[in-house]
Amino acid sequence: MDLARTGLTNGTGSALEDVGSQPGRHGELLRRSVPEVPSDAALLARARGENREALGELYDRHAAPAYSLAARLVGATAAADVVHDAFVALLEKPATFDPTMGTFRSWFMAAIHHRCLNLLRHERPAVGEESLSEMPGQDPEPVDDIVRRLQDASVRDALSVLPIEQREALVLAYYEGLSQSAIAERVGAPLGTVKARMRRGLMSLRGLLRGEAARIDEEATE
Amino acid sequence: MTHEDARLLLAAYALGAADADVDALEEHIHSCDRCKAELAGYLDTAAMLGEAVKTVPPPAALRTAVLGRIPPQRNPFQRLTDLFVPSRRSSVAVAVAMLVAVVALAAAVIQQQQIQLMRSELALNSQGLALLTSTEVIAERLAPVLDPTSQAHGHWYHRPGVATQVVVVEFLPPPPPGVSYYAWLHHENGSWTSPGTFSLDGTGYGRLIILGSDGTDVTAVVVTRQTEPSQAPSGDTVLRWPPD
């Protein structure tokens, strides 16, 4: 009988490392035998430890949508700076990402969005953020045109079925970078109404995008 | 800021549209799990808005610039090459370079051996995995002998017709210095064979994979504590199947 001795790979992540002692655990073993994809948080931790490969993988996962969003908001040239600075901040400011506040992707996209809005608003200090929509030569694109130009059909369709007031609030805020006060001024609605539209609009959009039978709330009257 | 005030602002905050009381809002969020959860949902939806825009591939230089924030792991062979630039071609540098070359060569040979070893282990593990994931695998429990109340136990996995067996032990205490845990198989012809000793991890877990026999002639499996190899179990029996 050929006898082969093993036990050499304990703790090295080999396929059998997680072998359980119960027959019922074989299914689990099979699942675990597939190489695990590191989470974004794990990659981030390794990147902060100067692991270039981990940073590269994190970049490959998230740079394209981040850059696309930034290019839409501030143009391609500034978008490169925004994305670059966002990744640098990841490495240099360890407390920036809080996993209790959602996924890394949603947090990172919010960070990109925030950086873009800051850039837009600081480029026009004399006017102030409330007046972005009133900038000369900055005639806002019609809301429905913005929605039509979205590449993702599911988001486009979901936005299209929202009440116009909610759609307008979401689009003006997210894609045009208007503050709630600026939106209130622009659409001639009370600030509280705009807040409510944003809240209901996001909740309904979330339900629609998750395939739930979303309840599209009617316009709040205040 | 009250919780209700904060909730009304969360959506605008997620959309980047909050323009008042942001500091107070962030302070409240930090201490309010319900608001954190609600905000996480809003941020997730807002991210979908962000991902819905027309895809624009980032320039290749951007990746280079981002990764450039972390210094690359230098190749040891590159260091060797550096020593041969003309300005450093002194006798000392050449001597150092040769020394480095020898070390690098030795490292490469060791690395190659390690790769070969890892490949062998992987192939072995694959065969063990094939057995363990089989629906018809037979698992016999190795019960503790010295202390029946001990957590220590093991399993012997085999399947008729499959020339692979796996012995797994768990929760074994660390052996005293100079002592190892040996696996033993007792065969129908009365002989004993040992596939080897267990290398335990920090939890007392270890395994052995045995190739070349399906174990149909095995009548008993035991784990002993021994100080040296032997022809048959010679130390204390720690685990055994079948139970006495």
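What this report covers is the structure whose coordinates are included nearby. Fair warning: this is a prediction, and the values are worked out from it, not measured in the lab.

**What to know about the pattern of salt bridges**
Counted according to the given criterion, the structure contains 11 salt bridges over all chains. Across the salt bridge formed by Glu176 of chain A and Arg72 of chain A, the nearest N and O atoms sit 3.6 Å from each other. Here Glu176 of chain A is found in the loop between helix 8 (164-174) and helix 9 (180-187), whereas its partner Arg72 of chain A is found in helix 3 (residues 52-74), with 104 residues between them in sequence. Overall, the relative accessible area of 24% leaves Arg72 of chain A in the partly exposed class. Note that Arg105 of chain A and Glu51 of chain B form a salt bridge whose closest N and O atoms lie 2.9 Å from each other. Placement of the pair is Arg105 of chain A in helix 5 (residues 104-122) and Glu51 of chain B in helix 3 (residues 33-51), with the two residues belonging to separate chains. Assessed through its relative accessible area of 34%, Glu51 of chain B is described here as partly exposed. Among the charged side chains, a salt-bridge network with shared partners connects Asp40, Glu57 and Arg61 of chain A.

**Considering the packing of aromatic side chains**
Taken as a whole and assessed by the stated rule, the structure comprises 7 aromatic pairs over all chains. Aromatic side chains Trp107 of chain A and Phe108 of chain A sit 6.4 Å apart centroid to centroid with 35 degrees between the ring planes, which places their arrangement in the tilted category. By relative accessible area, which is 17% here, Trp107 of chain A ends up buried. Geometrically, the ring pair formed by Trp156 of chain B and Trp241 of chain B is tilted, given 5.2 Å between the ring centres and 45 degrees between the ring planes. Within this pair, whereas Trp156 of chain B is found in strand 2 (residues 153-159), its partner Trp241 of chain B is found in strand 8 (residues 236-241), the two being separated by 85 residues in sequence. Using a relative accessible area of 1% as the deciding quantity, one classes Trp156 of chain B as buried.

**Let's talk about the layout of surface pockets**
Taken as a whole, the largest pocket encloses approximately 960 Å³ of empty space. Along the wall of the largest pocket there are 34 residues; nearest its centre are Trp107, Ala111 and His114 of chain A together with Tyr13 and Glu26 of chain B. When residues of the lining of the largest pocket are traced back to their parent elements, those giving at least two are helix 4 (76-92) and helix 5 of chain A together with helix 1 (3-14), helix 2 (22-31) and helix 3 of chain B. At 11 residues, helix 5 of chain A tops the list of elements feeding residues into the lining of the largest pocket. Taken together, the residues of the lining of the largest pocket break down into 19 nonpolar, 7 polar and 8 charged.

About the criteria used
- Residues numbered from 1 in each chain as written.
- Chains lettered and ligands numbered in written order.
- Predicted model: local features only at pLDDT ≥ 70, side-chain atom pairs only at ≥ 80, totals over all residues.
- Heavy atoms only, no water.
- Salt bridge = Lys/Arg side-chain N within 4 Å of Asp/Glu carboxyl O.
- Helix = DSSP H or I, 4+ residues; strand = E, 2+ residues; numbered from the N terminus.
- Buried < 20%, exposed > 50% of the residue type's maximum accessible area, 1.4 Å probe, protein only.
- Phe/Tyr/Trp six-rings, centres within 6.5 Å; stacked < 30°, edge-to-face > 60°.
- 1 Å grid on protein atoms, 1.4 Å probe; cavity = no way out; pocket = protein on both sides within 12 Å on 5 of 7 lines; lining within 4 Å.
- Points joined across faces, edges and corners; volume = space filled by probe spheres on them.
- Nonpolar A, V, L, I, M, F, W, Y, C, P; charged D, E, K, R; others polar.

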